[in-house]
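Take a look at the letters that make up each chain.
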Amino acid sequence: MIDKIKKVFETENGKAFIPFITAGDPDAESTVKFVLEMERAGADMIELGIPFSDPTAEGVVIQEANIRALKGGMTTDTAFGIVEKIRAQSEIPLAFMTYINPVFHYGYERFFAKCEELNVGAIILPDCPYEESGELKDIAESHNVAVVTMISPTSDDRIRRVAKDAKGFIYVVSSMGVTGVRTEFNTDLDKIVTALKNETDVPCAIGFGISTPEQAKRMASISDGAIVGSAIVRIVAEHGRDAAPYIYEFVKSMKDAVAEA
Amino acid sequence: MGKGRFGIHGGQYITETLMNELIRLEEAYEHYKNDKDFNDELNHLFNTYAGRPSLLYYADKMTKDLGGAKIYLKREDLNHTGSHKINNVLGQALLAKKMGKTRLIAETGAGQHGVATATAAALLDMECEVFMGKEDTDRQALNVYRMELLGAKVHAVTTGTMTLKDAVNDAMREWSNRVSDTHYCLGSVMGPHPFPTIVRDFQSIISKEARAQILEAEGKLPAAVIACVGGGSNSIGSFYNFIEDKDVELIGCEAAGLGIDTDKHAATIAKGSIGIFHGMKSYFCQDEYGQIAPVYSISAGLDYPGIGPEHAYLHDIGRAQYVPITDEEAVDAFEYLSRTEGIIPAIESAHAVAQARKIAKNYSKDQSIIICISGRGDKDVAAIARYRGVDIHD
């Protein structure tokens, strides 16, 4: 079933567009609507953020989305509730993005069993590096959930070790620092992707800082896909419950660009 | 399971971007901790700059007043910059310099660690930026200006609860943005491995000295060692060389704020549960979904929702006990030590003094208790005045 994530990348040109939103921002009902809208706009998989009080890998835009969602009463259970509502209408591939503490606290077994039940195929945990993933990886995989491996500009010699166990897809962090829109990328991403491809045939997508169709196209051309978060969360911050048409328009422009990569 | 475990606690729960830097830091530390030149240089700074060894002072009036064990105060407040923080900072700054770093960043709560880091940076010609919660920059305005005087840049952190945990968040974010020339000079025995070990080792000078000093003064080990615990650096430093001395009680004092039955406290062991945050598995104040709880203490330095992993382990195995002390008890102890011994302790350290006042009479006159006075209280005077309803300006 982890192969399902692989299918995300089986598009016409083999490239995927993966948008992110924070669950519960501004409320649960809107999140369901936004996800369905992103699917309609051509998203190949959707990354759903379960908010955390202290998101240390996020820039200001997603930090604020986390705070808005938590203030609105968002919990891990309501995040699963959102997925239930999505699943009543759609089979779009989904991945969770959150921090390790909410998952640890929910209970690894209970959390991943719930993911399996709702067909959430992958989880991204930026504060759980390869060295610490042992405590949850087997449990996640027993429930057909891939724990996504992250690679960053500073991974260097770690790429070989870390990539060999990768499942689902690999998240290549484009830049130093935290999430957030960037105007330029200084990392030699070609080199990182080439090193990865020498180690594994698991697809890899690039995220952090991507906000324009040109950037998305470029990232998808050197890898297997582009992941975009802050640029979409910014639209939600601006338009709130009425963000759906703006999200649709943005995601469509990004997907079209990725399809040309 | 990753490295740096204390029982089930500790580990390296940190972003991939920082992993290689932590590995480099560990390698550098493992090399230099046994390097004679490095240790000579550090000891030279300790002795000629920081004012070590710090005194172990016999508090005669307090002893007589409490009517039990002999009370000794380990005077970390007499160190340069006014607290134990300088021990760790000089060690880390020197290590960072050996690693070729030119810039130090740090988080700070009360401002003591920020001041110590700014001091070391000035001394060793390094750039320095300190992250401090907006609430703390307001209540510790003097320390902000002090850091600026020393040449550091202070960032008032306006995210989250605007206190110590948010300062750590932003310092981590900044470090992941710029690692090549920057060392994150973490101020407590917390965070991802190797920080809890490095900071403990540099702070263990406190108990190394205190153990020798009490043996010299009393001819035997103390009955108890008491220290306040936020992240837990002065306490682990005070405990460390007594851990093997099974008859010596080790007592950590957590901030109970307005009381552990209210939601205004920072009593991690009393009220927290196991979690994973700020790079480590340990006990944290958090809700049923693992969201980190807002914590409160009159003491900015203890206003932290977690505790270092080695303390969590000492708690689990029953080697140390952790007790909650309220704001009111701490303020009383702050005033008590000032009047009784003419020593104004940091409000953090006053939590330890408060516990000694409670238990001293349970011991006999031929037993002794060591209290770590982790810092001096000048920084707290205005806040204590406000607490007592006296309106003075800093």
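Residues numbered from 1 in each chain as written. Chains lettered and ligands numbered in written order. Predicted model: local features only at pLDDT ≥ 70, side-chain atom pairs only at ≥ 80, totals over all residues. Heavy atoms only, no water.

J.: Any chance you could explain a nonpolar patch on the surface here in plain terms?
T.: Residues and elements named next belong to chain B. On the surface, Ile344, Val381, Val390 and Ile392 cluster together to form a nonpolar patch covering roughly 280 Å² of accessible area. With respect to the element layout, Val381 can be found in helix 16 (residues 381-387). Its relative accessible area of 36% is what places Val381 among the partly exposed residues. (Patch = residues over 30% accessible without salt bridge, like charges linked within 9 Å, V, L, I, M, F, W, Y side chains within 5 Å. Areas by Shrake-Rupley, 256 points an atom, 1.4 Å probe, with all protein chains shown as cover. Salt bridge = Lys/Arg side-chain N within 4 Å of Asp/Glu carboxyl O. Helix = DSSP H or I, 4+ residues; strand = E, 2+ residues; numbered from the N terminus. Buried < 20%, exposed > 50% of the residue type's maximum accessible area, 1.4 Å probe, protein only.)

J.: Would you mind showing me how to read the pairing of strand 14 (residues 368-373) of chain B here?
T.: The two faces of the sheet receive side chains in turn, since in a regular strand these alternate between them. Residues and elements named next belong to chain B. Most of strand 14 sits inside the fold, with six of its six residues counted as buried. The alternating pattern of strand 14 places Ser368, Ile370 and Cys372 and Ile369, Ile371 and Ile373 on opposite faces, both of which are buried. Where strand 4 (residues 70-75) lies against strand 14, six bridges are found, and the strand directions are parallel. Paired with Leu73 across the two strands is Ile371, which belongs to strand 14. Here strand 9 (residues 224-228) pairs with strand 14 via three bridges, running parallel. Within strand 14, the position partnered with Val225 by the bridge is Ile370. (Pairing = 2+ DSSP bridges.)

J.: How should helix 15 (residues 347-359) of chain B be read in this particular structure?
T.: Every α-helical turn comprises 3.6 residues, leaving residues that sit three or four positions apart pointing alike. All names here are of chain B. With 13 residues, helix 15 should cover 18 Å at 1.5 Å per step; its first-to-last C-alpha distance of 19 Å lies within 8% of that length. Within helix 15, eleven of the 13 residues are buried, leaving the element largely enclosed by the surrounding structure. Residues Ile347, Glu348, Ser349, Ala350, His351, Ala352, Val353, Ala354, Gln355, Ala356 and Ile359 constitute the buried set of helix 15. (Expected span 1.5 Å × (residues − 1).)

J.: Looking at this structure, how should I read the packing of aromatic side chains?
T.: Centre distance and the angle of the planes are the two values used to describe a pair of aromatic rings. On inspection of all chains with the given rule, the structure shows 18 aromatic pairs over all chains. Judged by centre distance (5.8 Å) and plane angle (80°), the rings of Tyr29(B) and Phe202(B) are edge-to-face. Of the two residues, Tyr29(B) is situated in helix 1 (residues 16-32) and Phe202(B) in helix 9 (residues 195-203); the sequence distance between them amounts to 173 residues. Of the two residues, Tyr29(B) and Phe202(B), neither departs from the other in class, the shared state being buried. A centroid spacing of 5.9 Å and a plane angle of 70° characterise the contact between Trp175(B) and Tyr184(B), whose relative ring orientation is edge-to-face. An identical accessibility class is assigned to Trp175(B) and Tyr184(B); each is buried. Note that Arg110(A) overlies the ring of Tyr106(A), its terminal NZ or CZ placed 3.8 Å from the centroid. (Phe/Tyr/Trp six-rings, centres within 6.5 Å; stacked < 30°, edge-to-face > 60°. Lys NZ or Arg CZ within 6 Å of the ring centre and 35° of its normal.)

J.: Can you walk me through unusual backbone geometry in this structure?
T.: What is expected of a backbone is that most residues other than glycine have negative phi and most peptide bonds are trans. Here the residue pair Asp25(A) and Pro26(A) is connected by a cis peptide bond, since its omega of 0° sits within 30 degrees of zero. Take Pro26(A): it is sitting in the loop between strand 1 (16-22) and helix 2 (28-40). With an omega of 10°, the peptide bond running from His193(B) to Pro194(B) counts as cis. Its location among the elements puts Pro194(B) in the loop between strand 8 (182-184) and helix 9. Even without being glycine, His278(B) reaches a positive phi, approximately 50°. Relative to the helices and strands, His278(B) resides in the loop between strand 11 (273-277) and strand 12 (279-284). On the accessibility criterion, His278(B) (4% relative accessible area) is buried.

J.: Any chance you could explain the sheet that holds strand 8 of chain B here in plain terms?
T.: Strand-to-strand pairing in sheets goes through backbone hydrogen bonds, with the strands running parallel or antiparallel. Residue and element names in this part refer to chain B. One open sheet accounts for four strands, arranged 7-6-5-8; its pairing is parallel. The open sheet is flanked by strand 7 (153-157) and strand 8, the only strands paired with a single partner. Averaged over all pairs of adjacent strands, the angle between their axes in this sheet comes to 20°, without regard to strand direction. With five bridges connecting them, strand 6 (residues 127-133) and strand 7 associate as parallel partners. Paired with Phe131 across the bridge in strand 7 is His155. (Axes fitted to C-alpha atoms, helices over the stretch in contact; angles between N-to-C directions.)

J.: What should I look at first to understand the pairing of strand 6 of chain B in this one?
T.: Residue and element names in this part refer to chain B. Counting buried positions over the seven residues of strand 6 gives six, a clear majority of the element. Pairing analysis gives six bridges linking strand 5 (residues 103-108) to strand 6, with the strands arranged parallel. Pairing of Thr108 across the sheet is with Met132, part of strand 6. Once you follow strand 5 into helix 5 (residues 112-123) and on to strand 6, the crossover reads as right-handed. (Right-handed = clockwise from strand over helix to strand, strands pointing away.)

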